[in-house]
Amino acid sequence: MPSTETLTRAEIAETIHRKLGLSRAESLSMVESILQHMGSALENGENVKISGFGTFLLRDKGERVGRNPKTGIEVPITPRRVMTFRASQMLKDKIIDG
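Residues numbered from 1 in each chain as written. Predicted model: local features only at pLDDT ≥ 70, side-chain atom pairs only at ≥ 80, totals over all residues. Heavy atoms only, no water.

Draft legend 1. Seen up close, the layout of surface pockets. The calculated volume of the largest pocket comes to roughly 460 Å³. Contributing to the lining of the largest pocket are Leu7, Thr8, Arg9, Ile12, Ile16, Val31, Ile34, Leu35, Met38, Ile50, Phe53 and Phe56. Secondary-structure elements contributing two or more residues to the lining of the largest pocket are α1 (9-20) and α2 (24-43). If one sorts the elements of the lining of the largest pocket by residue count, α2 sits on top with four residues. Looking at side-chain class alone, the lining of the largest pocket contains 10 nonpolar, one polar and one charged residues. (1 Å grid on protein atoms, 1.4 Å probe; cavity = no way out; pocket = protein on both sides within 12 Å on 5 of 7 lines; lining within 4 Å. Points joined across faces, edges and corners; volume = space filled by probe spheres on them. Helix = DSSP H or I, 4+ residues; strand = E, 2+ residues; numbered from the N terminus. Nonpolar A, V, L, I, M, F, W, Y, C, P; charged D, E, K, R; others polar.)

Here is the structure:
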């Protein structure tokens, strides 16, 4: 059964606060700083790898022809950059083994 729960920035910051003893403001600032750094790296075309967790990969997709499923009319799809996430084997094992 799929989970409906979502881990938020605030919950990550709260965990850092409890485990490391930093203030709530410092913890939230740390989370924001990490996410900002990751976002900037991706924006600059760099992949982001977090050992033991996974890799955020950028891929450039070329122009291609798509089809409107309702009408069947072919439509050109413009080239674009997409981001994917590939989980590490360690994370996959944790998820499968529970």
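Draft legend 2. Summary view of the packing of α1 against α2. Interaxial distance between α1 and α2 falls to 8 Å at its minimum, and their mutual angle equals 125°. It follows from the interaxial angle that α1 and α2 lie oblique. Viewed along their axes, α1 and α2 form a crossing whose handedness is right-handed. Seen from α1, the contacting residues are Arg9, Ile12, Ala13, Glu14, Ile16 and His17; seen from α2, they are Arg24, Ser27, Leu28, Met30, Val31, Glu32 and Leu35. Broken down by class, the residue content of the contact of α1 with α2 amounts to seven nonpolar, two polar and four charged. (Axes fitted to C-alpha atoms, helices over the stretch in contact; angles between N-to-C directions. Parallel < 35°, antiparallel > 145°, perpendicular 65-115°, else oblique. Left-handed = near helix turned anticlockwise from the far one by under 90°. Contact = heavy atoms within 4.5 Å.)

Draft legend 3. Spatial organisation of the packing of aromatic side chains. In this structure the tally under the stated criterion is two aromatic pairs. Considering the side-chain rings of Phe56 and Phe85, the 4.9 Å spacing of their centres and the 50° angle between planes classify their relative orientation as tilted. In this pair, Phe56 is assigned in strand β2 (residues 54-61) and Phe85 in strand β5 (residues 80-87), connecting sequence segments 29 residues apart. Among the aromatic residues, ring-to-ring pairing joins Phe53, Phe56 and Phe85 into one connected group. (Phe/Tyr/Trp six-rings, centres within 6.5 Å; stacked < 30°, edge-to-face > 60°.)

Draft legend 4. Representation of the environment of Asp60 in the model. Looking at the secondary structure, you find Asp60 in strand β2. Expressed as a C-alpha distance, the spacing of Asp60 and Met83, which sit 23 residues apart in the sequence, is 8.9 Å. Residue contacts for Asp60: discarding those within four places in its chain leaves Arg80 and Arg81. Among the polar contacts listed, one links the side chain of Asp60 to the side chain of Arg81, at a separation of 3.0 Å. (Polar contact = N/O pair within 3.5 Å; in protein donor to acceptor, adjacent residues only side chain to side chain.)

Geometry only, nothing functional implied.
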